[in-house]
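# Fold and geometry: a report
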Amino acid sequence: MQMQVHEEMDSIKKGLQGILGKNVSFSIAMEERYSADKSYMKPQVPIAVAFPSSTSQVSRLLRFCNRHRIGVTARGAGTSLTGASIPSKGAIVVSMEKMGRVLEINIEDQYVVAQPAVVLDDLNHRLEKHGYFYPPDPGSSMVSTVGGTLSTNAGGLRGVMFGSTRRWVLGAQAVLADGTVIETGSRTLKLSRGYDLTSLLVGSEGTLAVITKAVLRIEPQHGRMGSIVAYYDRMESACGMLRSLRNAGMPIITAEFIDRRSMKYMDRKYRGQPGYMVIIGIASYSASLAHDMRLAASIVRKSGPESFYATTSKARVRGELGSRKRLFDAMAARCRESGLDMVIGDVIVPPSRLCAAVREVEKMAGRYGPGAAMFGHMGEGNIHLNIFADLGNRKHAALANRLLNSLGEIAVRHAGSISAEHGIGLEKKKLLREELDAIHSSKEIELMKGIKKAFDPKGILNPGKIFD
Ligand SMILES: Cc1cc2nc3c(=O)[nH]c(=O)nc-3n(C[C@H](O)[C@H](O)[C@H](O)COP(=O)(O)OP(=O)(O)OC[C@H]3O[C@@H](n4cnc5c(N)ncnc54)[C@H](O)[C@@H]3O)c2cc1C
């Protein structure tokens, strides 16, 4: 039996090396590096890590894996928070890191063509020179990749104005499980050509195909940006302020809230008064920024904050957003120092229900001993509840899990969803089923499974994610 396993592994090794040459690793150290993501889910060591450098290599690799029924988990930067980039047992990780080039910047037609490992911040630095930018902006933009963000339909700090990634993908090149290469979508700003397979690939968490190229829509940069940081005692006042800004037609590009517990992990100068911190970004054309900021500041003043300030200094605006982007890592690091794990909840409700939902979440989290802290993309009604827990301790783990479930229930009760932008991965399979049951749409899982079967009949692509 042992002998047979060795022989099998040897033949897999030879096959992979035949396709990838030196671009495949079987070293334990390397395999361990690719066994986990940024979630708290249990790591799984892959049997190999492949580093293809072209679409044709990905195609040959998948054909081989399909023939031998070897699971394949594509990987960008590995920042998934739901375990989506953790391989299944006996699978290989396909790291896209050697496919990291921007292939075309077409300003006239407003798109770029990028390989999957292009990092979002790098793409935006390249576009800055042309006066353009690519809007999706997750907190992990300094490392997360085009392939990973497409596959999770990532949102982020500009979601209130620009929505999630799906809106910005015009087309993709993708390799199916049997090695077939498809080109979905187009390079045009509109398309009405039957089923929209590009949109289907977005958010599919590597379960339908491996994306090897993406055509992304880009936007002209707004002239300038200003921000307002306000501190409120009551979430109701903060929500009222945002509603008034919206009604006044303010160009709000960012609207984040950070609760008292989370504020402790912001850079020192932003730690403020009790209650809630709100960061509002206003993006205007240069000529109108001063006017927009005056109007926004007067609306904020009327909403009764404990204190607030407004700025148009580029450095200060960057500083505030940077501190917000570092919040998750700062919190996770502090948890680790105290020997705890951090479970991050990601739910969404319609903006009009945000206040009521936050109140319920606070009440529930207040009863949870080890502590939890909340922040979120307020403009879209997106709440992140960060639950501190010693997951090695059964009792703690069960409590944290119960809290996560209750968070989902609150969101669904408020006409929202258990997942806003982090996907389903390994973590939320049960919650997905429960949400669909609750809204009387369980049939959707069957339809999703049918789609999966059409793309990947042998089930080799990122097995065990979204559903079993
Ligand atoms: C500090 C921090 C802040 C974050 N903030 C946000 C936020 O504000 N908004 C948000 O939406 N998310 C956020 N996230 C979650 C995460 O960064 C995003 O989900 C991001 O989209 C993942 O990108 P990645 O390159 O790391 O992908 P990975 O984690 O490597 O992969 C994610 C999924 O995509 C699949 N995949 C990767 N590449 C390909 C490919 N080429 N083809 C097919 N499938 C592929 C993987 O198999 C996996 O299922 C944050 C995470 C961290 C750690």
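None of the values given here were measured: they were computed from a predicted structure.

Extensive coverage of strand β16 (residues 341–348) is indicated by the burial of six of its eight residues. Strand direction decides the pairing type here: β16 and strand β18 (residues 382–389), joined by eight bridges, are antiparallel. Among the inter-strand pairings, aspartate 341 is bridged to a residue of β18, identified as alanine 389.

Per the counting criterion, the structure on display carries three aromatic pairs. Considering the side-chain rings of phenylalanine 133 and phenylalanine 162, the 5.5 Å spacing of their centres and the 75° angle between planes classify their relative orientation as edge-to-face. Taken together, the residues phenylalanine 133 in strand β7 (residues 132–133) and phenylalanine 162 in helix α6 (residues 159–162) connect sequence positions 29 residues apart. Judged by relative accessible area, which is 7%, phenylalanine 133 ranks as buried. Plain terms: the ring middles of phenylalanine 162 and tryptophan 168 are 5.7 Å apart, the flat faces sit at 75° to each other, and that makes the pair edge-to-face. A residue is classified by how much of its surface remains accessible, and phenylalanine 162, at 5% relative accessible area, is buried. Members of the aromatic cluster, connected to one another through ring pairs, are Phe133, Phe162 and Trp168.

Each assigned domain of the protein chain is listed with its residue range as follows: domain 1 (2–95), domain 2 (102–220), domain 3 (222–329) and domain 4 (338–421). Just the C-alpha atoms count here: the centres of domain 1 and domain 2 sit 24 Å apart. Taken together, the contact pairs eleven residues of domain 1 with 14 residues of domain 2. Together, the buried faces of domain 1 and domain 2 total about 1,100 Å²; carbon and sulfur atoms form 67% of this surface. Area buried by domain 1 at its contact with domain 2 is led by Thr55, Leu62 and Thr79, which between them contribute 36% of it. Applying the counting rule to domain 1 against domain 2 returns zero salt bridges. One can count two residue pairs in polar contact (both at pLDDT 80 or more) joining domain 1 with domain 2.

Procedures and definitions
Residues numbered from 1 in each chain as written. Predicted model: local features only at pLDDT ≥ 70, side-chain atom pairs only at ≥ 80, totals over all residues. Heavy atoms only, no water. Buried < 20%, exposed > 50% of the residue type's maximum accessible area, 1.4 Å probe, protein only. Helix = DSSP H or I, 4+ residues; strand = E, 2+ residues; numbered from the N terminus. Pairing = 2+ DSSP bridges. Phe/Tyr/Trp six-rings, centres within 6.5 Å; stacked < 30°, edge-to-face > 60°. Domains from an automatic or database assignment. Contact = heavy atoms within 4.5 Å. Buried area = accessible area lost by both parts, 1.4 Å probe. Salt bridge = Lys/Arg side-chain N within 4 Å of Asp/Glu carboxyl O. Polar contact = N/O pair within 3.5 Å; in protein donor to acceptor, adjacent residues only side chain to side chain.

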